[in-house]
Structure formats: structure tokens, C-alpha cells
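Chains, contacts and geometry: an overview
As a plain string of letters, each chain reads:
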Amino acid sequence: SLLSDFGETAKGSVLVIDDHKDMLSFVTETVESLGYAVKSANNPIIALQMFRESAADIGLVITDIFMPPIDGRDIVKNIKSLKPSIKVIAMSGYQIEEFVRQDSPVDAFLRKPFSKIELIAAIYKLMQPSKSIHS
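Moving on: the pairing of strand 6 (residues 87–92). In terms of burial, strand 6 is largely enclosed, as 5 of its 6 residues are buried. As judged from the 5 bridges shared by strand 3 (residues 58–64) and strand 6, these two strands associate in the parallel manner. Within the sheet, the bridge partner assigned to Leu 60 lies in strand 6 and is Lys 87. One ladder, built from 4 bridges, connects strand 6 with strand 7 (residues 108–111); its direction is parallel. Bridge assignment links Ala 90 to a residue of strand 7, and that residue is Phe 109.

Assignment of secondary structure puts Ser 13 in strand 1 (residues 13–17). Since its relative accessible area comes to 6%, Ser 13 is described here as buried. Leaving out residues up to four positions away in the same chain, Ser 13 has contacts with Ala 37, Lys 39, Asp 57, Ile 58, Gly 59 and Leu 60.

One ladder, built from 5 bridges, connects strand 1 with strand 2 (residues 37–41); its direction is parallel. Bridged to Leu 15 within strand 2 is Lys 39. Where the polypeptide runs from strand 1 across helix 2 (residues 21–32) and back to strand 2, its parallel neighbour, the crossover connection is right-handed.

For the pair helix 3 (residues 44–54) and helix 4 (residues 72–82), the least separation of the axes is 11 Å and the interaxial angle reads 5°. When the axis of helix 3 is compared with that of helix 4, the two are roughly parallel. Together, Pro 44, Leu 48, Phe 51 and Arg 52 of helix 3 and Ile 75, Asn 78, Ile 79 and Leu 82 of helix 4 make up the contact between the two elements.

A separate point is helix 6 (residues 116–127). When the terminal C-alpha atoms of helix 6 are compared, their 16 Å separation across 12 residues agrees well with the 16 Å that a helix rising 1.5 Å per residue should span. Every buried residue of helix 6 is listed here: Leu 119, Ile 120, Ala 122, Ile 123, Leu 126 and Met 127. One side of helix 6 holds all its buried residues, which, seen down the axis, span an arc of 160°. Seen from the buried face of helix 6, the exposed residues on the opposite side, beyond 90 degrees, are Ile 117 and Lys 125.

For the rest of this paragraph, the subject is the confidence of the model for the protein. This prediction gives the protein a mean pLDDT of 85; 83% of its residues lie at or above 70. Mean pLDDT across the secondary structure elements of the protein bottoms out at helix 1 (residues 2–9), with 48, and peaks at helix 2, with 97. Low pLDDT, under 50, characterises residues 4–10; the stretch is placed with 10 contacts to residues that sit more than four places away or in other chains.

This part is about the environment of Tyr 124. The residue Tyr 124 is located in helix 6 in this model. With a relative accessible area of 24%, Tyr 124 lands in the partly exposed category. Taking the C-alpha atoms as reference points, Tyr 124 and Leu 34, separated by 90 residues in sequence, lie 9.3 Å from one another.

The rules behind each value
- Residues numbered from 1 in each chain as written.
- Predicted model: local features only at pLDDT ≥ 70, side-chain atom pairs only at ≥ 80, totals over all residues.
- Heavy atoms only, no water.
- Buried < 20%, exposed > 50% of the residue type's maximum accessible area, 1.4 Å probe, protein only.
- Helix = DSSP H or I, 4+ residues; strand = E, 2+ residues; numbered from the N terminus.
- Pairing = 2+ DSSP bridges.
- Contact = heavy atoms within 4.5 Å.
- Right-handed = clockwise from strand over helix to strand, strands pointing away.
- Axes fitted to C-alpha atoms, helices over the stretch in contact; angles between N-to-C directions.
- Parallel < 35°, antiparallel > 145°, perpendicular 65-115°, else oblique.
- Expected span 1.5 Å × (residues − 1).
- Arc of directions from axis to C-beta.
- pLDDT = per-residue confidence, 0-100.

This is the structure we're talking about:
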């Protein structure tokens, strides 16, 4: 199955950041079902600290974009400056994809509410080993 193949290629851990508890649980459980170790935080300041401490292990960050007290775009910039190779999926209930992409190097954008399948597809697209012949 797709999921078992995917689980075998999964490497490293995923950091999930969202200040809404239900959303944090939903994303965390979905990502864990793919075979990743997940670190989660409902506070962006704690999340950045977690990232600094284990940036080497983290391959993907999934973050909400509007969370007090930090603009999510600043979180993305911070994370990317610490580890340029990191993949970032931004989430928001607002139609702000262009706004986010203009000045944040996000790799994917998910508009809330989204389904488990949409989330898995976004992760799979970013994290699967490249089979492309283009370098």
C-alpha cells in the first residue's frame, strides 16, 4: 500500500505548530500514522526553541500562520535561516496563500479546513525521495 511504502521511506521527525488544540491533535495523529516521530507545540516561541534543539532530526515543519504572539511568516523565516533544507507546510483558515508565499519560503500551503488525505498528499509530495531524472 501507499502508506506502508511511504512509512518505510520516512526519515526524521516532523514539527507541528498550531495554537488550536484540536488542529494540533489532528495533524499530529495524521503525521504519526505515516511513520514519523512528531514533536508538537501550541506556542510558536516554544516551537522555535524545540526546533533549535533538534533541527538536525527535523525534516518537515507544519505550521499555522496566524498565532499570537508571532506572525507565522517570521517563524518560517527563522526556521529556514536555521536550516535552509527544511520543508515547510503552512496552514491557514484564511485565503492568504499568495500573501504568505510573497515573503515566506513555504513549500506548500493548506487552506483550513483540510482533510486527512489532503494533508497526507502534501507531505508525500514534499518528502518522498526524488525519483526525478532532473537534478
